[in-house]
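Listed below are the residues making up each chain.
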Amino acid sequence: MKVYKFGGSSVGTPDRIKGIIDLIIVRAERENCRAVVFSAFQGVTDQLIETANLAAAGRADYTDNLKIIENRHLEAVRALVDIHHQSNTMAVIKMLLNDLDDILQGVYLIKELSPRSKDFVLSFGERLSNLVISRALVSAGHDCEFLDARTLIKTNANFGNAQVNMDVTQSNITAHFSAHPLLQIVTGFVASTDKDETTTLGRGGSDYTASILGAALGAEEVQIWTDVDGVLTSDPRKVTRAFPVETMTYEEALEMSHFGAKVIYPPTIQPLMSRGIPIRIKNTFNPSGFGTLISADALPGKYSIRGISSIDDVPLLRLQGT
Ligand code: ADP
Ligand code: ASP
Ligand code: MG
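A brief report on the enclosed structure follows. (Residues numbered from 1 in each chain as written. Chains lettered and ligands numbered in written order. Predicted model: local features only at pLDDT ≥ 70, side-chain atom pairs only at ≥ 80, totals over all residues. Heavy atoms only, no water.)

## Examining the sheet that holds strand 8 (residues 247-249)
Point 1. Strand order in the open sheet formed by eight strands is 3-4-2-1-7-9-10-8, with mixed pairing between adjacent strands. Two strands lie at the open edges of the sheet, namely strand 3 (144-147) and strand 8, each paired on one side alone. Averaged over all adjacent pairs, the angle separating strand axes in this sheet is 20 degrees, with direction ignored.
Point 2. Pairing analysis gives three bridges linking strand 9 (residues 279-283) to strand 10 (residues 292-295), with the strands arranged antiparallel. What sits directly across from I281, in strand 10, is T292. (Pairing = 2+ DSSP bridges. Helix = DSSP H or I, 4+ residues; strand = E, 2+ residues; numbered from the N terminus. Axes fitted to C-alpha atoms, helices over the stretch in contact; angles between N-to-C directions.)

Here it is as structure tokens:
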């Protein structure tokens, strides 16, 4: 059994989403995939942050941003959901955006954005994208269910970077999946506290959502689908000759990601490493490529160095005193 995750880079436009739907239809049954985690549409999380910041600054034009976000999702519905289910899906989107508008109106009035409100605002990115994609999959003839991960993944109240309570989360996931045999389309990044307040798992956290699910379900593999051919020897935006690393150990992947390789969110690795579940990084735009397989017993590479990563803008602090 497998768990897939598609990042924002794979769901930027309706055309790209269409490609992913075809990919899921071809692979999910064959590979016994039980859950697919999606991020927000590309750029939407950043747009939500910007919108919330505008509202907190008392700028009434935050509503322009909201309109852009709404139009983007409605356009995706028109392109991907069959005509009979479009108006119902659009109604749900409008309802969600009304909720979002209510909270932003509050932020605008009191000119204050608490970490708690910010997490609630950000949750709309994944809730909207997964709603549209799940309806699009059903329209394409593939049965599935939308799953709001906030109902299963429980965290502390460290808004913006919440810590997961693995025991409760594990039993919630096991119970849910044993009662829901259909493919689950799961909101990445979002979770909730024991008081049902919305939290998020840190930027890039949808990878972690897939890892939590894969670990709890005892998956045979978790696949992270993105826009590059796997973990590359270095950041392709900085090094044009970077090339994919076919296999690497969990420790090597941890080190690369901790020190700047954005392709995997660092907390993703631990839950899978402790259960020996391999992680495969795959390219949505080159599905037949091998990608990168991260596991306990990676083959020694051709080179003595697996990869090089870097972090920008690191301040160096020198403490000196009497
Ligand atoms: P997603 O939206 O799929 O989660 P991300 O933007 O979070 O995608 O991560 C993929 C990006 O990570 C790539 O497009 C690439 O620019 C960047 N990246 C940085 N370092 C590496 C690396 N060593 N290997 C692969 N990608 C890297
Ligand atoms: N949408 C969230 C972000 O942009 C989570 C993710 O993409 O993994 O950080
Ligand atoms: Mg990412």
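Right, picking up where we left off after that structure.
## A short note on the packing of aromatic side chains
Each aromatic ring pair is summarised here by two numbers: the centre-to-centre distance and the angle between the ring planes.
Point 1. Here the structure, examined in full by the defined rule, presents eight aromatic pairs.
Point 2. Pairing Y4 with W225 gives two aromatic rings, centres 6.5 Å apart and planes at 65 degrees, and the pair type is edge-to-face. Remark: W225 occurs in strand 7 (residues 221-226) and Y4 occurs in strand 1 (residues 2-6); sequence separation between them is 221 residues.
Point 3. For the pair Y208 and Y265, a centre-to-centre distance of 6.4 Å together with 65 degrees between the ring planes defines the contact as edge-to-face. A residue pair is termed long-range when its members are at least 10 positions apart, and Y208 in helix 7 (residues 206-217) and Y265 in the loop between helix 8 (250-258) and helix 9 (269-273) qualify at 57 residues. Residues Y208 and Y265 agree in their burial class; the two are buried.
Point 4. In this structure an aromatic cluster arises from ring pairing among Y4, F6, F38 and W225.
Point 5. Across the ring face of F124, the terminal group of R127 is positioned such that the distance to the ring centre comes to 4.2 Å.
Point 6. Cation over ring: R280 sits above F290, and NZ or CZ is 5.1 Å from the ring centre. (Phe/Tyr/Trp six-rings, centres within 6.5 Å; stacked < 30°, edge-to-face > 60°. Buried < 20%, exposed > 50% of the residue type's maximum accessible area, 1.4 Å probe, protein only. Lys NZ or Arg CZ within 6 Å of the ring centre and 35° of its normal.)

## Quick notes on the nonpolar core
Point 1. Counting residues in each nonpolar core, the largest one holds 51 residues, and the members touching the most others are F6, I24, V36 and F38.
Point 2. Looking at this core, the elements that each hand over two or more residues are strand 1, helix 1 (14-27), strand 2 (33-38), helix 2 (44-56), helix 3 (62-80), helix 4 (83-110), helix 5 (115-139) and strand 4 (183-187).
Point 3. Apart from the residues within four sequence positions on either side, F6 is in contact with I20, L23, I24, V36, V37, F38, S39, W225 and T284.
Point 4. In terms of nonpolar packing, the next biggest core, distinct from the first, is built from 39 residues, L213, I224, V231 and V245 among them. (Core = buried A, V, L, I, M, F, W, Y, C linked by side-chain atoms within 4.5 Å. Contact = heavy atoms within 4.5 Å.)

## Examining the layout of surface pockets
Point 1. One number sums up the size of the largest pocket: a volume of about 1,000 Å³.
Point 2. Lining the largest pocket we find 41 residues, and of these S9, G204, T226, K262 and V263 sit closest to its centre.
Point 3. At the level of elements, helix 2, helix 7, strand 7 and helix 8 are the ones that each hand at least two residues to the lining of the largest pocket.
Point 4. It is helix 2 that provides the largest number of residues to the lining of the largest pocket, a total of three residues.
Point 5. Partitioning the lining of the largest pocket into residue classes produces 15 nonpolar, 17 polar and nine charged.
Point 6. Considered as a void within the structure, the second largest pocket measures approximately 250 Å³ in volume.
Point 7. V245, E246, G301, K302 and R306 are, among the 13 residues lining the second largest pocket, the residues nearest its centre.
Point 8. Considering only residue class, the lining of the second largest pocket consists of seven nonpolar, three polar and three charged. (1 Å grid on protein atoms, 1.4 Å probe; cavity = no way out; pocket = protein on both sides within 12 Å on 5 of 7 lines; lining within 4 Å. Points joined across faces, edges and corners; volume = space filled by probe spheres on them. Nonpolar A, V, L, I, M, F, W, Y, C, P; charged D, E, K, R; others polar.)

## Points about the site of ligand 1
Point 1. Taken together, the neighbourhood of ligand 1 is formed by 18 residues, with S9, T226, D227, L232 and K262 sitting nearest.
Point 2. Surface burial for ligand 1 is 88%, taken as the share of its 570 Å² of free accessible area covered by protein chains.
Point 3. Using a 2 Å cut-off from the grid points, one finds that ligand 1 occupies the largest pocket.
Point 4. Here the shell around ligand 1 is built from residues that sort into seven nonpolar, six polar and five charged. (Near = heavy atom within 4 Å. Areas by Shrake-Rupley, 256 points an atom, 1.4 Å probe, with all protein chains shown as cover. Sits in = over half its atoms within 2 Å of the grid points.)

## Quick look at the environment of G204
Point 1. The residue G204 is located in the loop between strand 6 (198-200) and helix 7 in this model.
Point 2. The exposure class of G204 is partly exposed, given its relative accessible area of 43%.
Point 3. The sequence separation of G204 and G7 amounts to 197 residues, and the corresponding C-alpha distance is 8.5 Å.

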